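Topology and contacts: notes
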Amino acid sequence: MYPHHLLSQSFVVLVVLGLIGLVQAGDGCSKANAIRVNALRFRLSVSPSTTDSSTVSSWSKGGGPRGMIPINVANLTNPFSGREYASGNRDNILGTRAYGSGYPYGVSDVTTIKGRPFPHSMWPISWGPGYLGGEEYWGDDIDLIRPGGMLGVVNVSTKDTTKWPNVSSEEVYTMIGDKESLTFMIADLVRICHATPGWPRAFDPVTNASSSSPSSTQPRPQNVIQYYRSSSFALSYSGYNNTFALPSSNPTTNHDSDPLPGSIVNSAFLNCVNDTIRASLPLMDSLPGKKGLSKGAIAGIVIGSVLGAIIVSFWCWAIYISKN
């Protein structure tokens with residue numbers, strides 16, 4: 001049994017170390033790491049009839065082993081049964097401006113995303129029938145069981161010209177993704193990037209699919225400036241027109257892209273938004289792997305055993321000296 005005052009000191013050291021970890025963020029948008037206590041968690045189930053579910057968390061590192069969606073469990077078949085999921089991590093969360101980008105594994109055909117696994121466990125955004133195979137992720141029935149909730153959009157802008165002196169009223173971005181991720185990200189952006197609060201609204205990719213009007217209220221594939229998390233989340237800008245992503249251009253999931261407009265290419269506000277999404281967008285926590293001790297744990301046991309033997313030997317020697 002350790003003396004009470006040593007236990008108290010150990011507890012204080014742990015608390016201080018924890019606080020240091022929370023405040024070690026630097027200036028600018030890197031301060032996002034300092035407020036990760038404001039986090040979101042929700043469950044992701046791969047079968048309605050089993051306990052096959054995992055936790056999706058903001059700030060999660062993700063990673064871990066891959067899993068497989070069960071096939072025909074109790075006559076309840078997941079629409080994507082048999083596909084692999086998980087193992088995607090924070091380091092490979094960024095895609096490009098091409099729909100279907102950002103897959104760390106499972107890409108066998110760059111002309112479609114149909115049939116692909118879910119490396120980051122969330123389902124891809126769908127731009128409706130006929131666009132790079134995304135129709136299998138489109139429809140009311142699919143949206144009802146989509147991890148994180150139905151697809152939506154939310155605008156991202158700021159009125160804080162003190163924080164962002166060069167931002168204009170026309171610099172308005174739109175996030176596209178599942179409801180849970182959108183709700184968390186807009187709250188995070190309000191705190192970190194001084195964005196203007198807003199509620200998500202319904203995403204309707206079909207209504208504007210053939211429209212080229214810049215006044216359309218719904219984003220389109222050619223407006224996307226960044227995909228994240230295996231194309232399950234995206235950031236768009238209505239003033240950007242990526243001709244490589246137009247349906248008439250026969251796009252692929254690894255196509256090139258037009259440069260960003262000069263008005264936003266060096267935007268500090270955009271950098272903050274992108275950095276924050278990259279750092280905190282919810283990811284599925286690592287699936288349980290094979291049981292066993294890590295190299296660090298084994299090293300700790302060895303070192304602890306050696307130190308313990310030294311302490312016991314010293315204690316016995318001290319007793320022997322005191323008696324003689």
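The rules we used
Residues numbered from 1 in each chain as written. Predicted model: local features only at pLDDT ≥ 70, side-chain atom pairs only at ≥ 80, totals over all residues. Heavy atoms only, no water. 1 Å grid on protein atoms, 1.4 Å probe; cavity = no way out; pocket = protein on both sides within 12 Å on 5 of 7 lines; lining within 4 Å. Points joined across faces, edges and corners; volume = space filled by probe spheres on them. Helix = DSSP H or I, 4+ residues; strand = E, 2+ residues; numbered from the N terminus. Nonpolar A, V, L, I, M, F, W, Y, C, P; charged D, E, K, R; others polar. Phe/Tyr/Trp six-rings, centres within 6.5 Å; stacked < 30°, edge-to-face > 60°. Buried < 20%, exposed > 50% of the residue type's maximum accessible area, 1.4 Å probe, protein only. Lys NZ or Arg CZ within 6 Å of the ring centre and 35° of its normal.

This part takes up the layout of surface pockets. Put simply, the largest pocket is a space of about 280 Å³. Around the largest pocket, the lining is made up of 17 residues, and of these Asp 140, Asp 143, Met 150, Leu 151 and Phe 203 lie nearest the centre. If you list the elements that add at least two residues to the lining of the largest pocket, you get helix H2 (140-144), strand E5 (151-156) and strand E7 (201-202). For the lining of the largest pocket, the residue count by class is nine nonpolar, two polar and six charged.

In total, this model carries two cavities of 30 Å³ or more according to the counting rule given. Taken as a whole, the second largest cavity encloses approximately 40 Å³ of empty space. The class makeup of the residues in the lining of the second largest cavity is four nonpolar, six polar and one charged.

On to the packing of aromatic side chains, then. Considering all chains together, one arrives at 12 aromatic pairs under this definition. Between Tyr 99 and Tyr 227, the aromatic rings sit 5.9 Å apart at their centres with planes inclined by 50°, giving tilted as the arrangement. Pair noted here: Tyr 99 is in the loop between strand E4 (84-85) and H2 and Tyr 227 is in strand E8 (residues 224-228), with a separation of 128 residues, a long-range link. We classify Tyr 99 as buried; its relative accessible area is 1%. On the numbers, 5.3 Å between centres and 45° between planes, the contact of Tyr 173 with Tyr 237 is tilted. Residue Tyr 173 is located in strand E6 (residues 173-178), and its partner Tyr 237 is located in strand E9 (residues 233-237); the two are separated by 64 residues in the primary sequence. Judged on exposure class, the residue Tyr 173 and its partner Tyr 237 are both buried. Through a chain of ring-to-ring contacts, the aromatic side chains of Phe 80, Phe 118, Trp 123 and Tyr 137 assemble into a single cluster. Of note, Lys 163 hangs over the ring of Trp 164, and the distance from its end group to the ring centre comes to 5.3 Å.

Within the secondary structure layout, Trp 123 lies in the loop between E4 and H2. Residue classification places Trp 123 among the buried positions, given a relative accessible area of 7%. Put simply, Trp 123 and Gly 148 are 25 residues apart on the chain and 9.3 Å apart in space, counted from C-alpha to C-alpha.

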